[in-house]
Amino acid sequence: MYRRTAAALATAVTAGALALGTAGSAQAAPGPGWYPRSHHASYAECQAAGKAGYQIWGPIFFCEPLGSTRPDVIVLWVRA
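Let me sum up the structure you'll find in this document. Remember, it's a predicted structure, so these values are computed and weren't measured experimentally.

## Considerations on the pairing of strand 3 (residues 70-79)
Okay, so step 1: Looking at chain direction, strand 1 (residues 34-40) and strand 3 are connected through six bridges and run antiparallel. If you follow H39 over to strand 3, its bridge partner there is V75.
Okay, so step 2: Bridge count for strand 2 (residues 61-67) against strand 3 is six bridges, and the pairing is antiparallel. Looking at strand 3, one finds that P65 is bridged to I74.
Okay, so step 3: Count of turn residues in the strand 2/strand 3 antiparallel hairpin: two residues.

Right, here's the structure in full:
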């Protein structure tokens, strides 16, 4: 129960941070057709998740920090 609640809260916080937190940052948002798939604790973990989803979204994906205020959260971006 705690894991599901924590996962739902983390997803909501990440979505809110992506919508609000990166709006004022210097980083450019990905263009049309890109969407955040998941978030990870390290770049290596994000890369592994991107490679594991090859059958779903193909070989094109990238990982980047959530923002300048949260460099410890790495977001996996995939093509739609």
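Next, the rest of the story.
## What to know about the environment of C63
Okay, so step 1: By the secondary structure assignment, C63 is in strand 2.
Okay, so step 2: In contact with C63, other than residues within four places in its own chain, are Y43, C46, Q47, I74, V75 and L76.

## A few points about the side chain of E64
Okay, so step 1: Positionally, E64 belongs in strand 2.
Okay, so step 2: At 3.3 Å, the side chain of E64 forms a polar contact with the side chain of W77.
Okay, so step 3: What E64 contacts, discounting residues up to four positions off in sequence, is V73, I74, V75 and W77.

## Side note on the packing of aromatic side chains
Okay, so step 1: Scanning the entire structure with this criterion turns up two aromatic pairs.
Okay, so step 2: Considering the side-chain rings of F62 and W77, the 6.2 Å spacing of their centres and the 10° angle between planes classify their relative orientation as stacked. Taken as a pair, F62 in strand 2 and W77 in strand 3 lie far apart in primary sequence, 15 residues in all.
Okay, so step 3: By relative accessible area, W77 is classed as buried at 10%.
Okay, so step 4: Pairwise contacts between aromatic rings join W34, F62 and W77 into one cluster.

Rules behind the numbers
- Residues numbered from 1 in each chain as written.
- Predicted model: local features only at pLDDT ≥ 70, side-chain atom pairs only at ≥ 80, totals over all residues.
- Heavy atoms only, no water.
- Pairing = 2+ DSSP bridges.
- Helix = DSSP H or I, 4+ residues; strand = E, 2+ residues; numbered from the N terminus.
- Contact = heavy atoms within 4.5 Å.
- Polar contact = N/O pair within 3.5 Å; in protein donor to acceptor, adjacent residues only side chain to side chain.
- Phe/Tyr/Trp six-rings, centres within 6.5 Å; stacked < 30°, edge-to-face > 60°.
- Buried < 20%, exposed > 50% of the residue type's maximum accessible area, 1.4 Å probe, protein only.

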